[in-house]
Each structure stands twice: as C-alpha cells, then as structure tokens.
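Chain and residue survey
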Amino acid sequence: MKDQVSIQELQEQVSNQQSYKKWWKECVVYQIYPRSFKDSNGDGIGDFSGILAKLDYIASVGANVLCLCSIFDSPNDNIGYDIRDYRTIHPDFGTLEDFEALVETARKKGLKIILDLPINHTSTRHVWFQAAQQNPNSPYRNYYHWKRGENGKPPNNWQSFFVGNAWTKLDGSDDYYLHLFSKTQVDLNWENPQVRQEIYRIMRFWLDKGIAGFRLDGVSFISKNLDLPNHLIDNRHLATYYANGPQVHQYLQEMHQELLKEYDVMMVGEGLGIDLKNAPKYVSDERKELQMVYPFDLLEIDRPKNDFYGVRMWNLLEFKHIVNKWNRLSEHNAWNAIMLGNHDFPRMLSRFGDEGTHRQASAKMLATFLLTQWGTPFLYQGDEIGMSNIRFNSVDDYKDVWVKNAYEKLKKYNVTESAFLKAVYTNGRDNARTPFQWSDEANAGFSDKESWMSVNANYEYINVKDEQKDANSILNYYKKAVRLRKVNPTFVYGDYVDIDPYHETVFAYKRKLGDDSVLVVLNFSRKPTLYVLEVPYRFYYRSLLLCNYTDREEEKGPELSLRPYEARVYRLL
Ligand code: NOJ
C-alpha cells in the first residue's frame, strides 16, 4: 500500500515538471532488424506484414517505440545502409501502403515508430550519384566529395571503416570520391545547401507519414574537415579523425529550425566518435539538436582500436566508469540512450553475460541494468529471449560486407579461414542478425521457407513459444522489469549515484526522485559474492522490487549474498 501511494505522489511530482517531462524519456525502445524479424510471405526475408503480426508481442514486452533499421530501397551491398531511393520502401519489406498500415496499426496499439535514416551517404546506385558520375558538370556532382588523385594515388591516406582506402577512383578519370564506409556508400557533401534541403524534404516525407522520429545513422560524420589532412597512422579509432566536423552542429540546428521544430520527435544520433566532451553539444536541450546519442565507448568496450578482428579484455571498473561518465550528461540539461547491443554488435548476452550455465541469470541481470539505468533504454530484438552469437562454418555463410572485405584483405596475409572465423565468432555483426527465434518449429518459426541467413541452431531451446509458457523465463522477466520502469518515475527521472564505483564485480547504484529511493545491486560475474552495504545504505529498510532468482528470501542485514549474475532492485524505506 505504501508503495502505491508513493508512486502516485511521484507521478504527480513529475507531472508538475512539464517542461522536463518528455515521452521519449519515458519510453522503452525495441529495435527491429526487419530482414530478420518475421517473414510473412515465405520468401525467407522478414517484412512489414511480419512485424504487423507481431505488434501484440512487442506490446506485451512493454516496449512502446519501435526503431526500425533501414527499410529503404537499396542494392544491399551493405544490407540496406546503401540507399538507392529514400522515398521507396525496399520491396523485400512490402510497399509504402504496407508501411502506412503498419504505422497506423502500431499507433492504435500505443506504439510509435522511428526510422533509421542513413544521412551521411547514399548508394552509388542512387540517381544523384549516377548523374554525378556520368557528367562532371551535373549539378549533382557537388552532392558528393570529389578530389583528384596525385601520381596515381588517392588524395589522402584516409581509410574506410570497412577496410581499404576511403577514396575510390572513377573508371576512366583521375577523380576519386569519398566513402567512409563501403565503396558503394558515397559520402554526401553536406556543405552543399541543396543536399541539406534534399535530406530535410526526405525527413518531412516520412514524418508526415506519422513516424515519431529518426535514428540518424552516421550523423557525427556529416561535416568533414575539408582540408583533408592525412591522419596519423596510430592506434586511435578512425572515428576520432572523421567525427564531429566543424559544421556538424550548425547543420543539426538548421535541421531543427527548418523542420524538426514543427514536430514532437525523438532524434537519436548514432554516436560513433562522440564522447562526453562533445556530447553535450549534440544533446543539451537548449541547443535544439538531438535528444540522445549512443555511448559508443560502452558498445565498443571489448574492441581494440582500429582492429575489428581483435579482442580487448574489459573489466567492470571500466564499464562502470563509462556508464557513470555518460550519466553526467544530466548535468548539462541533456538526455541520452542506454543500450548494450544492436545490429552492429555481437549479442549482448554473449559479450556481457554468459551463454552457458548462467544464461538465464545473466540475461536477466543485463535486462535489469538496461531498465533501471539513467537514459532511454533500447532493447534489441531477441535479447529479451536470450538469443546468443552464431558460429557459421564458412565465410561464405556470412552476409556482412565488413566480414567479406576483411577476409579478402587478411587472406593476402595468409590468415586462414578458420583463424579468421574465430574472430568473426566473437566480433561479427551477423551474430545479431540471425532470424528471430519464434518457436522450435522449422526455421525457428521465422519463415515457412529457408531464411536469408541461417537460423541459430539453438532455436530448439531458445524461442518465444517456450519462453511464453515458462513463468520464470527471460522473456517474462523482461516484462516485469519493463513494467517496473514504466510505473516508477524514479527509474526515468530519478538522480543517479553509483554507490560503489570501485567494486570489481558488483555494480550498485541508487536512483532517487523526491522522497523515493531505489537501490540496484548487480553481480556482473559468475562468482558468488558477499556484498556488504556500507553506510548509509546498511541502515535503510529495504523492500525487494525485483530479483532474477525466484527463490530469493529477504535478507535483513547489510550483507547481501549474491549468486552468479544476481540482480536485485530494492526500494529504500
Ligand atoms: C551504422 C549502421 O548502423 C550500420 O549498420 C552501417 O553499416 C553503417 N552505419 C554504415 O551505414
């Protein structure tokens, strides 16, 4: 009873702070990789009708915003992120009418949709680039970055994120075009006001279809240092050189003025190369740019700089340091996103948890982390049932252009396929792109036919159908954790304090809003740990709100005997 009253009071307190209260702070986002979510027409590829059929499922998890990875027409060199036409839906997913029906049905179920929009580059097959390539005098030439080579060499030493030089020469000329990603993803010249207007018109087209915002793919790269200096060959991450160009904030403010101020939207920047020094410029409320960016240093914690195929050991102290650092954005009247994975990273469970003995506990502990942290939580499809990494036997089974390019290069250095595959098993993006596991039926219930990418064989025991039946499943725990966040404003608007930043295996933090305080204690290791609450926390009465072990009995004293990956959320009384 006490809890109910206090929640009501809190909700009132928050609703008094109207200007601070925003729907995009309170929502829980569910990110979908449409190609692998649900196939409805038996072509082995996920589509809009598939998503439509699963809206009730998504609503049952408790998410209320869907973020769709790129859905636009594309030759699929980099699966959907090389856009041929921004106003056309990729035919694999359906038609514009199907999309409109999806938005409308989702709206009726209380779900908003945001779209992932690659604005830094188009496909080489886009009509703008086709015109620019065919005719140096075309007005479209200036839509991209061109430079003459010198002595048969590219204009500078910039490398692309997807292996190889970032400049490609046009056949039959000395002109090179710039591409920070694959050579079929040409960088747009945002210095050209016409390019910016084109993008704003495209955004308006989709906003007027009723979407609630965008994830802006590659946003930190839209402005470049056009002196094009060679960069040092050192071990810094490539993004350090390319991100946060001189005009980026001017462009984002212009985007707001010309367009976004007319809509109540959520704009999420892909944060590659954005760190806490420059993040406030992107997300402080008064700057009117974006609402949130992804903390990339958290997503890349286990990745060595400039070496996609290496592995870097990480520890919880670093992890906490990164989280705590980003949470200081709150001091800048700013907001942020919190996530541990998406379609560009291996599975969250495989990286931060334990796929084996402690699969259940660790997946639930990570859910507890995401849903009790500061910032808007992004859940990635399949994490809510504990999907894990894949191991294909041959490089040919992988679809990712990054994997293919890297293998081509490494083969020249006599790297064997099996050695290469070991690295892909840990780092490859396709780990998170395998078809969603709906049931233990053929093709994991994803499709009636063979799917575009093989399903993970563990679908026989990791699938929605089984998890729905089991009250203690990962899925049912997610539902509880999402609900906890949604009914308690403290998890959204509460202050955040790490109460023990130097503990090597336990992440313990407090959220506080008005008179309400909650304490989250997470054992990030497989070791049972006796965790002792210090002053003043040891003196509070506690009531357990959530725990990932069902047989947990209330412990009264200051000592918490945490089992492997145990997660507890308390209200402090
Ligand atoms: C980020 C996207 O999330 C990723 O999938 C894509 O490959 C790159 N940007 C390039 O567009």
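Rules of the game
- Residues numbered from 1 in each chain as written.
- Predicted model: local features only at pLDDT ≥ 70, side-chain atom pairs only at ≥ 80, totals over all residues.
- Heavy atoms only, no water.
- Helix = DSSP H or I, 4+ residues; strand = E, 2+ residues; numbered from the N terminus.
- Rg over C-alpha atoms; globule rule 2.2 N^0.38 Å.
- Buried < 20%, exposed > 50% of the residue type's maximum accessible area, 1.4 Å probe, protein only.
- Contact = heavy atoms within 4.5 Å.
- Lys, Arg positive; Asp, Glu negative; His and termini not counted.
- Charge placed at Lys NZ, Arg CZ, Asp CG, Glu CD.
- Near = heavy atom within 4 Å.
- Polar contact = N/O pair within 3.5 Å; in protein donor to acceptor, adjacent residues only side chain to side chain.
- Areas by Shrake-Rupley, 256 points an atom, 1.4 Å probe, with all protein chains shown as cover.
- 1 Å grid on protein atoms, 1.4 Å probe; cavity = no way out; pocket = protein on both sides within 12 Å on 5 of 7 lines; lining within 4 Å.
- Sits in = over half its atoms within 2 Å of the grid points.
- Nonpolar A, V, L, I, M, F, W, Y, C, P; charged D, E, K, R; others polar.
- Domains from an automatic or database assignment.
- Points joined across faces, edges and corners; volume = space filled by probe spheres on them.
- pLDDT = per-residue confidence, 0-100.
- Salt bridge = Lys/Arg side-chain N within 4 Å of Asp/Glu carboxyl O.

**Concerning the overall build of the protein**
Helix and strand counts for the protein stand at 19 helices and 22 strands. Here the C-alpha radius of gyration of the protein, 24 Å, is about what a compact globule of 573 residues would show, namely 25 Å. Here the C-alpha coordinates of the protein stretch approximately 80 × 50 × 50 Å along the principal axes. Out of the 573 residues in the protein, the part that is buried amounts to 61%. Long-range contacts, defined as pairs at least 24 residues apart, comprise 71% of the intrachain contacts of the protein with a sequence gap of at least 6. In the protein, 71 positive and 76 negative side-chain charges are present, and the distance between their average locations comes to 2 Å.

**Quick notes on the site of the ligand**
Every one of the 13 residues lining the ligand counts as a neighbour, but Asn 78, His 121, Asp 217, His 343 and Asp 344 are closest to it. Contact between the ligand and Asp 344: an oxygen atom at 2.4 Å from a side-chain N or O atom of the residue. Contact with the protein chains hides 98% of the accessible area of the ligand, taken as 290 Å² for the molecule alone. When atoms are counted within 2 Å of each cavity's grid points, the one that captures over half of the ligand is the largest pocket. For the shell around the ligand, the residue count by class is three nonpolar, four polar and six charged.

**Some details on the domain arrangement of the protein**
Its domain assignment divides the protein into domain 1 (7-122 + 193-480), domain 2 (127-185) and domain 3 (493-572). Centre-to-centre, using C-alpha coordinates, domain 2 lies 54 Å away from domain 3.

**Quick word on empty space enclosed by the protein**
Scanning all chains against the criterion turns up three cavities of 30 Å³ or more. Its boundaries defined by the atoms lining it, the largest cavity holds a volume of some 80 Å³. Tyr 33, Pro 34, Arg 35, Cys 69, Ser 70, Phe 72, Asn 76, Ile 79, Gly 80, Tyr 81, His 90 and Phe 93 are the residues that line the largest cavity. Looking at the lining of the largest cavity residue by residue, the class counts come to seven nonpolar, four polar and one charged. Roughly 70 Å³ of internal volume is contained in the second largest cavity. If you trace the second largest cavity, you find it lined by Pro 295, Leu 298, Ile 322, Val 323, Trp 326, Asn 327, Asn 336, Ala 337, Ile 338, Trp 374 and Gly 375.

**Let's talk about the confidence of the model for the protein**
Across the protein, the average pLDDT comes to 94, with 97% of residues at or above 70. In this model, residues 1-5 is a region of pLDDT below 50 whose contacts with residues beyond four sequence positions or in other chains number three contacts.

**Considerations on unusual backbone geometry**
Backbone phi values are negative for most residues with the exception of glycine, while trans is the configuration of most peptide bonds. At the junction of Val 535 and Pro 536, the peptide bond is cis and its omega measures out at 0 degrees in the coordinates. Following the sequence through the fold, Pro 536 ends up in the loop between β19 (529-532) and β20 (542-547). Look at Val 163: it is not a glycine, yet its phi comes out positive at around 80 degrees. With a relative accessible area of 28%, Val 163 lands in the partly exposed category. Positive phi is not limited to glycine here, since Asn 244 has a value of about 60 degrees. Tracing the backbone through its elements, the reader meets Asn 244 in the loop between α8 (238-242) and α9 (248-258).

**Observations concerning the pattern of salt bridges**
Within the structure shown, the criterion is met by 38 salt bridges. Here Glu 262 ties to Arg 204 by a salt bridge, and the two come within 2.9 Å at their closest N and O atoms. With Glu 262 in the loop between α9 and β12 (266-269) and Arg 204 in helix α7 (residues 193-207), this pair connects stretches of sequence that are 58 residues apart. On the basis of relative accessibility, which here comes to 47%, the residue Glu 262 falls in the partly exposed class. Overall, Arg 204 belongs to the partly exposed group, its relative accessible area being 27%. Close ionic contact of Glu 331 with Arg 328 constitutes a salt bridge, the shortest N to O distance being 3.4 Å. For Glu 331, a relative accessible area of 56% corresponds to the exposed category. On the accessibility criterion, Arg 328 (46% relative accessible area) is partly exposed.

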